[in-house]
Every structure is written in structure tokens, then in C-alpha cells.
Amino acid sequence: MGRVVRKGLLLAAMLVGVSTISADEVADSVGQRLSDVVVTGSRVAVDQRHLPYTVSVVGREKLVEQQRLNILPTLNEQVPGLFLTSRGVMGYAVSTNAAGGLNMRGLSSGAGQLLVLIDGHPQYQGIYSHSISDAAQTMLTDRVEVLRGPASLLYGSNAMGGVINIVTRQKRSDGVENNVNVGAGSYGTVQAEAANQVRSGRYSHTVAANYSRTDNHRPNMGFEQYGGYVKLNYDMTEHWSAYTDVNLTHFNSSNPGLVSEPLYHSRQWITRGAATMAIENHYENTSGAISVYNSFGRHKINDGVKNISVEPTRYFRSRDALTGVSIWQSADLWSGSRLTAGLDYQNIYGRAYYTDIATGEVLDTPNKQSGHSHRNEIAAYAQLRQDLASWLTLDAGARVDHHYVSGTEWVPQGGVVVRPAADGELKATVSKGFRNPSMREMYLYPPSNDELKPERLVQYEISWRHRLLEHRLTYGLNLFYIKGDNMIQTQPVDGTPRNVNTGKIENTGAELEAAWRICDRLTLNTNHSVLHMHNHILAAPEYKGYLGATYHCGLWSATMGVMQVAGLYTDTDSGTENFTMLNASVAYQPAKMLKLWLRGENLLAQKYEINAGFPMPRATFMAGVQVTF
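Computed from a predicted model, the values in this text were never measured in an experiment.

### Considerations on the overall build of the protein chain
No. 1: Looking only at helices and strands, the protein chain has five helices and 35 strands in total.
No. 2: Compactness check: the protein chain gives a C-alpha radius of gyration of 24 Å against a globular reference of 25 Å for 629 residues, within 12% of the reference.
No. 3: Overall size of the protein chain, expressed as C-alpha extent along the three principal axes, is 70 × 55 × 55 Å.
No. 4: Here the protein chain holds 629 residues, and the buried ones make up 55% of them.
No. 5: Pairs at least 24 residues apart make up 63% of the contacts formed inside the protein chain by residues separated by at least 6 positions.
No. 6: When the accessible surface of the protein chain is split by element, carbon and sulfur atoms take 59% of a total near 25,200 Å².

Here it is as C-alpha cells:
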């Protein structure tokens, strides 16, 4: 990564020579004014200056800036230390050769080590314990909060590498707003989204739907998706409110296989959904919530064949559901304090089986998992934050988590925040993360092992965050060290492959981010991350850097971003990938109701791979129209 990393760090250092925003507001990753309050990392809304954790916030204005239907490409650009795998113009899919893997500081969502939340509720495939990236839709998202580092204290298993919390949309002021956005572009790509938002007194709702499809840039790589989202809110009193929401997405995907080893007839039909009901209370000195949620899916997969003249004979099918109850309450017990305590219960259901394509008959399989499988987990946690002085805050907490197979896990966490000035914070944390083994690792396929124990790690982090130039510029620097053991790996045991707790992880890294609002028209932002891994893993680049600019002038607006990736392992047998991506978009708004837009990606026409054997497309373009009324 040598010269590329040095150039990236030099560029970052030049931008950091200037710095950030107000005591009550900060610039987000594009320099826009956002409240300095987050809910991820504390459950209750808290000023980031009093939290010892590192949380990146990407607001809706940035998420919709380039007219993307999925939030993950934008997070890939805006969040240091986070990397997203991809293989085509659109669609990530699942199963063998799928993309959409998220990696944070060397820990992967594909391994279940990075958790995706919707309003604080876990969302993942119950059998494999990983998120489904095609379900991360912009239509339901108001903002995204990314906690970089272990979050198992509040969110339990699978949050050992961090969490991506999707905070859903809600109209704040009375009125009606409708939005329709349609676009088309390279390789037969089409996207469309429509949304209706209403608020009338105490009642509000958001209803949205989208559709997208593409042929992609290789034969037999088509992708089609459609979905919908509904959220209903009602403020029962000044202090009590309730909401319910449902989101559903279905996609069909084809897998062409590696360029060197094509696949035929490989297709997937995937349905994912989530539903929540919650009652919340908001008082001056206390707040809390009780919620019931369900994340579910239905998967049908034709694994395909390597010989085009051979017809596949079976489908792999799975059904899963994660049903949970979350109860928490936060209160100011005495001056400068905030105690949050909660209970979590989860029931994880999964069934995996094969059916005959011709007859639909359920086939016998060698899986240990017969019929249906359930797992129960219950946990209690408490977190206390205490301001000892105007410049000093201590934070400590513990979680006890009981898994019906893996047993009981204790999760301590602590941190300190020192504010030497109103415009800067020095933070230090020690946090533990863990992950219970998935159903796949314990019961599915011959390597399975029902005696697996949880993966565990500890992270030490120190960070500095600063605002300067009348709060028009902000920057932050993080240094971290991660050490873990009990990582689940497949190794030969008595000549037979078996999942065992034998792996270790030791990662060291640094992250830098800055945003500068030069004037009302022009904003610059940049972020950089360097990662040193004792044992290299796939899809975790040694360096990732991004430099972006947003410009507004009258009826016109434009965004341009350059991302540099170096030291990316796409497989274990070859060297690393290094590439530079240039993306840009421009919009013209001739009337209040109408906006025309154009987006181009990989404008340098780079030749590169993120998933081995899947060359990425060269330059692609999309154009469309947005109507708001």
C-alpha cells in the first residue's frame, strides 16, 4: 500500500489543517448542519460530546444526493473504516459469490460480526446470522448512525465489530408531501421510487415503494427488486407516543459464476421483511420504550451447474425469523448522571432444506438440522454515564447475555471523555464484543459443530474530535487496537472438516475524517482509514480514502467524489487490488416541483475486482427526473 497510502494521508493532513462546527451542532460527512445528538450507543438521545464511542452520522440529504436506492454505497464513501463488496451495476444477492459484504476494521457482516439495525432492532438472516444488503433501502431511511467498534453492551451478539443503525423516516411538521423519482441508464438499468408523507396533529405516516432492475454488465447476471415500506406514528399525549412499521423487499438475482468458471441456471428468489410495534415515553428526566419486532425471510436458491447441458435437480430453500422484545428505560438519578437499563429477549427460528425442482418434494439431506430449529437468548444490561465536571464524563456498563446453547456471556464496557475546550473532545474506551455461533455453523452442512463457543474480542480506542473556524470545519482522528480469540474457522479434525473455535484476530488501525464548509455553496469532506491485520482477510483493504465536494449554485447542484482503495485481498492465492474510483452527479431544478439529475460512476473506467472472478463494470451512467408535490 506504500505510495498510495502516503499520498492519501498527506491529502488528509492538508485538509485537517483547518477544522469544525458548533457546540450544539456539527457538520455531517458533507458539512451539512446536523444536531449533535445520536441514539446509537446509548438508546436514549445523547450529545456525542458526552459519549466515549465513535459514531458517524449520515443524514438523508446526503443519502439521496446521488439518487441511489440503497444506502450502502453512500456509507462506503462517507464512513472511514467501512468497506462494501460489490460485483455489478446493481444488486448484491446472497449465497455463493454474493456481494454486499460489509467490513468494519477487519470484522465482517458476512461472518455475522457487524450488526445492521432498524431503529435499534437487529436485522439478519436467522440461519446464517448475517444481514441481507439488498434490504438496506433508502426509501425507509431518515439517517444512518454507524458505531465503529464493539456495541455488544447494548445490542448483544453479532455487534462485536460495530453496528449500522437505520433510523426510519417520520414527518415532523403538518402537511402532505409526495415524491416520485424515476431513472434509467447503462445495461438496461431502471429505478423508480415513490413516497407519501403526511402529518396532521398527533398523527403522521410514511408510505413508500420502489422498483429496480438491471441486466448488469455480464450475461446471466440480471437483477430485479421491488419493495414497500409503511410507518404509522401517533402521539398519544405530550409524553407518550406509539408507532408501527413494516418493510418488505423481494429480489430475483442470477449468478453467472466466475469469469474463468461460468455457472448456468444459477438463480435466487429472496424475500425479506421486518415489522415493529413500539410504545415510547419522553419526559424531562426519563425516557424509554417497549418494542416487539420481527425480522423474517424466505429464500429459494438454484445453485446452478458448470455444464450448460446439465439441468439442476434441486432447490435450496430456507425460512427464518428473528422475533424479539426490547424494554429499556433511561433516567437522570442525580445531577450529571444518566442511567440506562434494559432487557432483551430473542427467539431465532430457522429451517433449511432441499426440494426437488420437478416435483417439489422435500429431499433428505446430510444436515444435522432436521425440520425446524429454535434458539432463545435473553439479556439484561445497565449503562451509567456521569458528568464529574463540565470537562469530564465517565461511562461504564455491563451486559449479561444467556444463550440456550452457548451459555452465559458477560460484556463489560467503559470509557472516558475529556473536553479541554468547548470545541474539542478526547475520548478513550475499552469495549468487549462477542458473537454466538450461527445455526449454519452449529447444525448445517458436514463441518457443523454443536459444541462451538462464542467468538470474543476486546477493543482499545482513543480518539480526538475538534471543531474550528467558527464551527465551519470539523475533524476527527481515531486510533484502535483489536485482539480476539475463539474465532470460528473450518479446519480438518481427524481428517474431516469441522468448525472449531481456533482463530485469532489482531488488528491495529487509524481513521481520519474532516468536513469543511468553505461557503454556503461549497463543502468539502474527506475520510481515510489504515488497517494493519496480523492475519489478512478478504474484503478488508489496508487503506481506503475518500475526498468529496458538493457545490450549489442557483438552480444547479453537483457532487463529485474520489475513492482510493489499496491493499484489498479478493482471494487468498493472488496479490492485492488497488484502484481509484471517480463518481459524480449533477442536478438541475427548473421548478420547485421538478428536478432533473444525471449520475456517473467509475468515470475513470478503472478495471478492477472486489469479488474475485467478478470484474466490475467500467463507466456507467444513470439519468432521471424527480417530482415533488
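### What to know about a nonpolar patch on the surface
No. 1: On the surface, a cluster of nonpolar side chains totalling about 980 Å² of accessible area is made up of Tyr203, Val207, Val230, Leu232, Tyr234, Met236, Trp240, Ile279, Tyr283, Ile290, Ile327 and Leu343.
No. 2: Taken together, the elements giving at least two residues each to the nonpolar patch come down to β15 (203–214) and β16 (223–235).
No. 3: With three residues, the top contributor of residues to the nonpolar patch is β16.
No. 4: Within the fold, Trp240 resides in strand β17 (residues 240–254).
No. 5: According to the relative accessible area criterion, Trp240 is partly exposed, its value standing at 34%.

### Looking at the pattern of salt bridges
No. 1: This structure, assessed with the given rule, holds 29 salt bridges.
No. 2: Here Arg148 ties to Glu511 by a salt bridge, and the two come within 2.8 Å at their closest N and O atoms. Within this pair, whereas Arg148 is found in strand β11 (residues 141–148), its partner Glu511 is found in strand β29 (residues 496–517), the two being separated by 363 residues in sequence. Side by side, Arg148 and Glu511 carry an identical accessibility label, which is buried.
No. 3: The residue Glu441 makes a salt bridge to Arg435 at a minimum N-O spacing of 3.0 Å. Like Arg435, Glu441 is buried.
No. 4: Through salt bridges with shared partners, one network takes in Arg105, Arg148, Glu461, Glu511 and Glu513.

### A closer look at empty space enclosed by the protein
The gaps of empty space that remain are located by a probe, the size of a water molecule, rolled over the atoms.
No. 1: If you walk through the whole model with that rule in mind, you get nine cavities of 30 Å³ or more.
No. 2: Every residue lining the largest cavity is counted, 38 residues in all, and those nearest its centre are Pro73, Gly88, Val89, Tyr92 and Glu601.
No. 3: Among the elements of the structure, α3 (72–78), β6 (82–84), β14 (189–200), β15, β16, β33 (576–591), β34 (594–601) and β35 (620–628) are those that each provide at least two residues to the lining of the largest cavity.
No. 4: The residue inventory of the lining of the largest cavity, partitioned by class, reads 18 nonpolar, 14 polar and six charged.

### Concerning the pairing of strand β19 (residues 286–302)
Along any regular strand, the residues point their side chains to alternate faces of the sheet.
No. 1: Across 16 bridges, the pairing between strand β18 (residues 267–282) and β19 is antiparallel. Within β19, the residue paired with Thr276 across the bridge is Tyr293.
No. 2: Hairpin remark: β18 followed by β19, antiparallel, with three residues in the connecting loop.

### Topic: the nonpolar core
No. 1: The biggest cluster of nonpolar side chains holds 40 residues, and the ones touching the most others in it are Leu115, Tyr155 and Val163.
No. 2: With near-sequence residues (within four places) excluded, Tyr155 lies in contact with Val39, Thr40, Gly41, Arg43, Leu115, Leu117, Gly120, Val163 and Arg399.

### Some details on the layout of surface pockets
No. 1: Estimates place the volume of the second largest pocket at around 1,100 Å³.
No. 2: Along the walls of the second largest pocket sit 42 residues, with Val39, Arg143, Val167, Glu280 and His282 positioned nearest its centre.
No. 3: For the lining of the second largest pocket, the residue count by class is 16 nonpolar, 14 polar and 12 charged.

### Points about the sheet that holds strand β7 (residues 102–104)
No. 1: Here we have three strands laid out as an open sheet, ordered β6-β7-β8, and antiparallel in their pairing. Two strands lie at the open edges of the sheet, namely β6 and β8 (107–108), each paired on one side alone.
No. 2: With two bridges joining them, β7 and β8 adopt antiparallel strand pairing. Considered in β8, the bridge of Met104 is made with Leu107.

### Some remarks on the sheet that holds strand β10 (residues 121–122)
No. 1: Spatial ordering of the open sheet is given by β5-β11-β12-β9-β10, a layout of five strands whose pairing is mixed. Edge positions in the sheet fall to β5 (55–59) and β10, since each has one partner strand and no second.
No. 2: In this structure, β11 lies alongside strand β12 (residues 162–168), joined through seven bridges in antiparallel fashion. Looking across to β12, one finds that Val144 is bridged to Ile166.

### Notes on the pairing of strand β24 (residues 392–403)
No. 1: Bridge analysis of strand β23 (residues 373–389) against β24 gives 12 bridges, and the strand direction is antiparallel. Residue pairing for β24: Ala382 is matched across the bridge by Ala398.
No. 2: Pairing of β24 with strand β25 (residues 407–421), which is carried by 12 bridges, proceeds in the antiparallel orientation. In the sheet register, Thr393 faces β25, and the bridge partner there is Val417.
No. 3: The antiparallel hairpin formed by β24 and β25 contains three residues in its connecting segment.

### A word on unusual backbone geometry
Among all residues save glycine, negative phi is the norm, and among peptide bonds the norm is trans.
No. 1: A positive phi angle, near 70°, is found at Ser95, a position not held by glycine.
No. 2: Position of Ser95 relative to the elements: it lies in the loop between β6 and β7.
No. 3: The backbone of His471 shows a phi angle near 65°, a positive value even though the residue is not glycine.

### Considering the confidence of the model for the protein chain
No. 1: In the predicted model, the protein chain carries a mean pLDDT of 91, and the fraction of residues at 70 or more is 93%.
No. 2: Considering only residues more than four positions removed or in separate chains, one finds that residues 1–35, a stretch of pLDDT under 50, has 103 contacts.

What counts and how
- Residues numbered from 1 in each chain as written.
- Predicted model: local features only at pLDDT ≥ 70, side-chain atom pairs only at ≥ 80, totals over all residues.
- Heavy atoms only, no water.
- Helix = DSSP H or I, 4+ residues; strand = E, 2+ residues; numbered from the N terminus.
- Rg over C-alpha atoms; globule rule 2.2 N^0.38 Å.
- Buried < 20%, exposed > 50% of the residue type's maximum accessible area, 1.4 Å probe, protein only.
- Contact = heavy atoms within 4.5 Å.
- Areas by Shrake-Rupley, 256 points an atom, 1.4 Å probe, with all protein chains shown as cover.
- Patch = residues over 30% accessible without salt bridge, like charges linked within 9 Å, V, L, I, M, F, W, Y side chains within 5 Å.
- Salt bridge = Lys/Arg side-chain N within 4 Å of Asp/Glu carboxyl O.
- 1 Å grid on protein atoms, 1.4 Å probe; cavity = no way out; pocket = protein on both sides within 12 Å on 5 of 7 lines; lining within 4 Å.
- Points joined across faces, edges and corners; volume = space filled by probe spheres on them.
- Nonpolar A, V, L, I, M, F, W, Y, C, P; charged D, E, K, R; others polar.
- Pairing = 2+ DSSP bridges.
- Core = buried A, V, L, I, M, F, W, Y, C linked by side-chain atoms within 4.5 Å.
- pLDDT = per-residue confidence, 0-100.

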